[in-house]
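Topology and contacts: notes
Chain by chain, the residues run as shown.
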Amino acid sequence: MKWSDVFYTEEPFRPYGLSYFISILVLIVVGYLLIELGKKSAGPKRDFIFKVIASIVSLSIIAWAIIEIALDRFYIESDLPLIFCNLIGLFLPIFAFYRKQWLFDILYYIIMAGAVMSVLTPALKQAYPHYEAFKFWIVHGGLVIFILYQMIVYGYWPTRKGILTSFLFIQAYVLFIIGVNYILDANYLFLWEKPTTASILDILGPWPYYIIIMDLILLPYFFILYAPIWLIRRKSA
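On a predicted model such as this, the values are computed, not experimentally measured, just so you know.

**Looking at the overall build of the chain**
From N to C terminus, the chain includes 9 helices and 0 strands. Listing the helices and strands of the chain from first to last along the sequence gives α-α-α-α-α-α-α-α-α. In terms of overall size, the chain behaves like a compact globule, its C-alpha atoms giving a radius of gyration of 18 Å where 237 residues would be expected to give roughly 18 Å. Along the first, second and third principal axes, the C-alpha set of the chain runs to 50 × 45 × 30 Å. When each of the 237 residues of the chain is scored for burial, the buried share is 40%.

**Focus: a nonpolar patch on the surface**
Taken together, the side chains of Tyr209, Ile212, Ile213, Met214, Leu216 and Ile217 make up a nonpolar region of the molecular surface, amounting to roughly 560 Å² of accessible area. Mapped onto the elements, isoleucine 217 comes out in helix 9 (residues 209-236). Note on isoleucine 217: relative accessible area 40%, which makes it partly exposed.

**Let's talk about the packing of aromatic side chains**
Across all of its chains, the model carries 15 aromatic pairs by this definition. Aromatic side chains tyrosine 108 and tyrosine 109 sit 5.0 Å apart centroid to centroid with 85° between the ring planes, which places their arrangement in the edge-to-face category. For tyrosine 109, a relative accessible area of 0% corresponds to the buried category. Summarising the aromatic geometry, the rings of phenylalanine 169 and tyrosine 173 are spaced 6.3 Å apart at their centres and angled 10° between planes, so their arrangement reads as stacked. In this pair, phenylalanine 169 and tyrosine 173 both sit in helix 8 (residues 161-184), 4 residues apart, roughly one turn of the helix. Cation over ring: arginine 99 sits above tyrosine 154, and NZ or CZ is 4.2 Å from the ring centre. The ring of tryptophan 64 is capped by lysine 135, whose NZ or CZ atom sits 4.7 Å from the centre of that ring.

Conventions and cut-offs
- Throughout this document, residue positions are counted from 1 along each chain, in the order its sequence is written.
- Predicted model: local features are reported for residues with pLDDT of at least 70 only, side-chain atom pairs are reported and counted for 80 or more only, and whole-chain, interface and lining totals are derived from all residues.
- Water and hydrogen atoms were dropped before computing side-chain values, which therefore reflect all heavy atoms in the structure.
- Secondary structure is summarised from DSSP: a helix means a run of H or I of at least four residues, a strand means a run of E of at least two, and numbering begins at the N terminus for each.
- The quantity called the radius of gyration is restricted to C-alpha atoms. Its globule counterpart is 2.2 Å times the number of residues to the power 0.38.
- Note on exposure labels: buried denotes an accessible area under 20% of the residue type's maximum, exposed denotes more than 50%, and partly exposed covers the range between, all computed with a 1.4 Å probe on protein chains only.
- In this scheme, patches are assembled from residues that exceed 30% relative accessible area and form no salt bridge. Like charges are connected within 9 Å, while nonpolar side chains (Val, Leu, Ile, Met, Phe, Trp, Tyr) are connected within 5 Å.
- Method for areas: the Shrake-Rupley scheme with a 1.4 Å probe, in which residue coverage is limited to the protein chains shown.
- The working definition used for a salt bridge is a side-chain nitrogen of Lys or Arg within 4 Å of a carboxyl oxygen of Asp or Glu.
- Aromatic rings from Phe, Tyr and Trp, taking only the six-membered ring of Trp, are treated as a pair when their centres fall within 6.5 Å; an angle between ring planes under 30 degrees marks them as stacked, one over 60 as edge-to-face, and anything in between as tilted.
- Two thresholds decide whether a charge sits over a ring: the Lys NZ or Arg CZ must be within 6 Å of the ring centre and within 35 degrees of the ring normal.

Written out as structure tokens, the structure is:
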């Protein structure tokens, strides 16, 4: 491997290949170790670990943008951090300091719906050692670890009320992105067309039906994400 491969490799990402499962395994191990360390740590150290997780995710997005700009690959029509995972990841350090229940609800439902789905069906073009691959796994894996850390170490639980709050937040944000797409002639959130790589949207029909179907299944999906939480809390009550 040459250093130039980090920036210019043409090796395509192969879904569900060896590198995919190794990435999943690394995330599970790292997440487990960080959460266990947080559980055994006192207040300041526990908070420090939480903020480090948030900072690494945020810095990976910033570093990616800097590299894209330096290589003259940054395009305002496609590379602004407006996709949910990138947007949340960019501001994750703020969320690590400002811990409120209503905010955790929104983060839980969006991250567990979006980041987990991205990990299971990765819309990734470049394979390792391309920086795009590192950024993808750090962001999506880091978001999931961030949420699990807040749940297991700090004792936050998503609420049923948060389902509606998160749903309404997404509706408002989609309306905002429609305006951004119109102004920039862009396709953020894939509102005008599907991604060019394979994704779950491929089974939901052509435009605009896949958008309508995604919106229709969003609330039931959130209830599914809430179901194990409800069962755990009911059993422990």
